[in-house]
Amino acid sequence: MAPLTKIRLCLVIVMAGLFVAGVTAFPLLAEVNWLSQLLVGTGGSLDPALYDGVTQWILTVRQGLEVTYRDYLWLAYGTDWLAFGHLMIMLFFILPYRDPVRYEGVLWVGIWASLLVFPLAFICGPLRGIPWYWQLVDCGFGVGSVVPLGVAVWEVRGMGEGGVYRS
């Protein structure tokens, strides 16, 4: 695969991930309700106390969102901004998609942002009562973007001005 094609593929992966993470942050309660029904089955109890592990966690999140949306809907505005932030960050990767050598710095910012997911998850997760296994899920987003961004930087390093590959 040509270096420019590989770089662009890596950036499409990162941008698609940011897009999906962004748009799925809007309908949280509907998504968690769907996931809850998938986990417990139709007609199954949604009481988190009856389960353990991931199912208990998902049902606890569903319960919290249900109460929050009923009594404090304005708090959902925070996740709207989270979604918007993901979509705006995605737009920054258009520049290196067009000219990866010139905008290599954007790739490095993306790498650092991906790496900083880890301390955020492992510091704030316990402070907020997030189970350790869910902190690992969150870290998966960092890994899922740092790998393609690292590949893109590796390929950019082999390219010269104007996208001409150095031998």
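Residues numbered from 1 in each chain as written. Predicted model: local features only at pLDDT ≥ 70, side-chain atom pairs only at ≥ 80, totals over all residues. Heavy atoms only, no water.

Caption draft 1: Structural view of the pattern of salt bridges. Summed over the entire model, instances satisfying the criterion amount to four salt bridges. For Glu155, the salt bridge goes to Lys6, with nearest N and O atoms at 3.4 Å. Taken together, the positions of Glu155 in helix H8 (residues 132-157) and Lys6 in helix H1 (residues 3-23) put the pair 149 residues apart, joining distant regions of the chain. Judged by its relative accessible area of 28%, Lys6 is partly exposed. (Salt bridge = Lys/Arg side-chain N within 4 Å of Asp/Glu carboxyl O. Helix = DSSP H or I, 4+ residues; strand = E, 2+ residues; numbered from the N terminus. Buried < 20%, exposed > 50% of the residue type's maximum accessible area, 1.4 Å probe, protein only.)

Caption draft 2: Inspection of the packing of aromatic side chains at higher detail. Counted under the stated rule, the structure contains four aromatic pairs. Relative to Trp81, the ring of Tyr77 has its centre 6.0 Å away and its plane inclined at 80 degrees; by these criteria the two rings are edge-to-face. In this pair, Tyr77 and Trp81 are both assigned in helix H4 (residues 76-92), four residues apart and thus about one turn of the helix distant. A residue is classified by how much of its surface remains accessible, and Tyr77, at 52% relative accessible area, is exposed. (Phe/Tyr/Trp six-rings, centres within 6.5 Å; stacked < 30°, edge-to-face > 60°.)

Caption draft 3: Highlighting helix H3 (residues 53-71). The terminal C-alpha atoms of H3, which comprises 19 residues, lie 27 Å apart, in line with the 27 Å expected from a rise of 1.5 Å per residue. Where H3 is buried, its residues contact helix H2 (28-40) and H8. (Expected span 1.5 Å × (residues − 1). Contact = heavy atoms within 4.5 Å.)

Caption draft 4: Structural context of the nonpolar core. Core analysis: the biggest nonpolar cluster contains 18 residues, and Ile7, Leu11, Phe93, Leu107 and Leu149 have the highest contact counts within it. For this core, the secondary structure elements donating two or more residues are H1, helix H6 (104-115) and H8. Among the elements that line this core, the one with the most residues is H1, at six residues. The residues contacting Leu149, other than those within four sequence positions of it, are Leu11, Val14, Phe93, Leu107, Gly110, Ile111 and Ser114. Counting five residues, the second-largest nonpolar core is a separate cluster that includes Leu29, Val32, Trp57 and Ile58. (Core = buried A, V, L, I, M, F, W, Y, C linked by side-chain atoms within 4.5 Å.)

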